[in-house]
Amino acid sequence: MPEIIAVANSKGGVAKTTSCIGLGCALADTGKKTLLIDLDHQGNLSDDLGRGDEDYTITDLFENPKFDTNDLIYAALDDGQEVENLFVIPADITLAVECRSAERYAHRLEILSDGLKRLKTSFDFIIIDCRPAIDLSIENALLIADKILIPVDMDKRATKGISDLLEVVEEIKRTKDFVYSLVYTKVDKRSSKMLASVKSTVENSGWPVCKTEIRISELYKQATNDDRPSFHYARKDRPAEDYAGLAREILEG
Ligand SMILES: Nc1ncnc2c1ncn2[C@@H]1O[C@H](COP(=O)(O)OP(=O)(O)OP(=O)(O)O)[C@@H](O)[C@H]1O
Ligand SMILES: [Mg+2]
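Quick notes on the rules
- Residues numbered from 1 in each chain as written.
- Chains lettered and ligands numbered in written order.
- Predicted model: local features only at pLDDT ≥ 70, side-chain atom pairs only at ≥ 80, totals over all residues.
- Heavy atoms only, no water.
- Disulfide = S-S within 2.5 Å.
- Buried < 20%, exposed > 50% of the residue type's maximum accessible area, 1.4 Å probe, protein only.
- Helix = DSSP H or I, 4+ residues; strand = E, 2+ residues; numbered from the N terminus.
- 1 Å grid on protein atoms, 1.4 Å probe; cavity = no way out; pocket = protein on both sides within 12 Å on 5 of 7 lines; lining within 4 Å.
- Points joined across faces, edges and corners; volume = space filled by probe spheres on them.
- Nonpolar A, V, L, I, M, F, W, Y, C, P; charged D, E, K, R; others polar.
- Pairing = 2+ DSSP bridges.
- Axes fitted to C-alpha atoms, helices over the stretch in contact; angles between N-to-C directions.
- Contact = heavy atoms within 4.5 Å.
- Near = heavy atom within 4 Å.
- Polar contact = N/O pair within 3.5 Å; in protein donor to acceptor, adjacent residues only side chain to side chain.
- Areas by Shrake-Rupley, 256 points an atom, 1.4 Å probe, with all protein chains shown as cover.
- Sits in = over half its atoms within 2 Å of the grid points.
- Core = buried A, V, L, I, M, F, W, Y, C linked by side-chain atoms within 4.5 Å.

As for the state of the cysteines
Applying the stated rule across the entire model yields zero disulfides. Unpaired in terms of disulfides, Cys20 finds its nearest cysteine sulfur in Cys130, a separation of 7.4 Å. In this structure Cys99 is not part of a disulfide, and its nearest cysteine sulfur, from Cys130, lies 11 Å away. The buried category is assigned to Cys99, whose relative accessible area is 3%.

Encoded structure:
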């Protein structure tokens, strides 16, 4: 059985997509067969993995819950070359509309779960990039996640919405007993006041946090124009080192 990780936060721009890619590439580097699922109609994850323009996308599954999920899987690309052990189910703009129409299905919350059960390939990890909102597709992801990873960036509104997200998870999973962890992203040691303020709010809330922090990088800020995975584009940069550390932390459990 794969370990399923949903990367979620209803705050935008906190590095959800970057973290899916970084963690996915780092796990694939260690030989773990990893599937990344794009659940954002913006399709940023798909674009960065060279799969922004495919025949089939995750929309096909929400449109027709019996769709053969095996047809949705593509090898992730870096500059046209397949990345070993890394695969993607892409998304595009059509997801926004189809997701709303899937509300009519009785088993609407299990569309993704049932679809993934039909996969013929066995993966070690499935990582899901959630859009910054809660809709049916995101509820599907939160329901099946073994672990929810919540990226938190260094911003004065960093922790806004986390309590609400956790409440939604509790409601969907019908238990308070689920595994989640925050991960600090875009950490800039030079902004020590902001860092201290975010960390103190998190500590006071008692939320678990990953030991590994993802540091800020100029290259990451500039990346994405050429639709390459940042982890590979800036392989020697600090975040790549950090995502490798995060992958180790997750592998160690
Ligand atoms: N470690 C980092 N250092 C510098 N910039 C970063 C870092 N991680 C991510 N970024 C930049 O932050 C921006 C937002 O990142 P990303 O798209 O991953 O966020 P997101 O949470 O997925 O956004 P959305 O909510 O729109 O889906 C991007 O421009 C990305 O390049
Ligand atoms: Mg994103």
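Describing helix α6 (residues 136–144)
For the α-helix, the turn length of 3.6 residues means that residues three or four positions removed from each other point alike. Counting buried positions along α6 yields seven of nine residues, so the element is predominantly enclosed. If you check which residues of α6 are buried, you get Leu136, Ser137, Ile138, Asn140, Ala141, Leu142 and Ile144.

Here's the deal with unusual backbone geometry
With phi around 90 degrees, Ala15 is a residue other than glycine that occupies positive phi space. Looking at the element boundaries, Ala15 is found in the loop between β1 (3–7) and α1 (16–29).

Things to note about the layout of surface pockets
Here the largest pocket is characterised by a volume of approximately 570 Å³. Taken together, 28 residues form the lining of the largest pocket, with Gly13, Val14, Ala15, Thr18 and Lys186 sitting closest to its centre. Looking at the lining of the largest pocket, the element that brings in the most residues is α1, giving four residues. Residues that form the lining of the largest pocket fall into these classes: eleven nonpolar, ten polar and seven charged. Considering only enclosed or pocket space, the second largest pocket measures out at about 300 Å³ in volume. Forming the boundary of the second largest pocket are 13 residues, of which Met1, Pro2, Ile4, Leu116 and Lys117 lie nearest the centre.

Observations concerning the sheet that holds strand β2 (residues 34–39)
In space, the seven strands of this open sheet follow the order β3-β4-β2-β5-β1-β6-β7, with mixed pairing throughout. Strands at the two margins of the open sheet, each flanked by one partner only, are β3 (74–78) and β7 (180–185). The sheet shows a mean angle of 30 degrees between the axes of neighbouring strands, direction not considered. As judged from the five bridges shared by β1 and strand β5 (residues 125–130), these two strands associate in the parallel manner. By the bridge assignment for β5, Ile4 is matched with Ile126. Sitting on the sheet, α6 is in contact with β1, β2, β5 and β6 (147–153), with an inclination near 145 degrees to β5.

So, the site of ligand 1
Ligand 1 sits among 17 residues. The nearest are Lys16, Thr17, Thr18, Ser217 and Tyr220. One of the backbone nitrogen or oxygen atoms of Ser217 is found 2.9 Å away from a nitrogen atom of ligand 1. At 2.7 Å from an oxygen atom of ligand 1 is found a main-chain nitrogen or oxygen belonging to Tyr220. Alone, ligand 1 offers 630 Å² of accessible surface; in the complex the protein occludes 83% of this. Using a 2 Å cut-off from the grid points, one finds that ligand 1 occupies the largest pocket. Residue assignment for the shell around ligand 1 shows that the elements contributing at least two residues are α1 and α9 (218–222). Considering each element in turn, the shell around ligand 1 owes the most residues, three residues, to α1. Here the shell around ligand 1 is composed, by residue class, of six nonpolar, six polar and five charged.

Focus on the nonpolar core
Within the largest apolar cluster, 50 residues are counted, with the highest numbers of intra-cluster contacts made by Ile37, Leu39, Ile58, Leu112, Ile128, Ile148 and Ile150. Apart from the residues within four sequence positions on either side, Ile128 is in contact with Ile4, Ile5, Ala6, Val7, Cys20, Ile37, Leu39, Leu112, Ala141 and Ile144. In this structure, Cys25, Leu36, Leu86 and Ile250 belong to the second largest nonpolar core, which totals 31 residues.

Points about the environment of Lys147
Relative to the helices and strands, Lys147 is located in strand β6. We classify Lys147 as buried; its relative accessible area is 17%. Spatially, the C-alpha atoms of Lys147 and Ile5 are 4.9 Å apart, while their sequence positions differ by 142 residues. Beyond its immediate chain neighbours, meaning those up to four positions away, Lys147 contacts Glu3, Ile4, Ile5, Ala6, Val179, Ser181 and Ile250.

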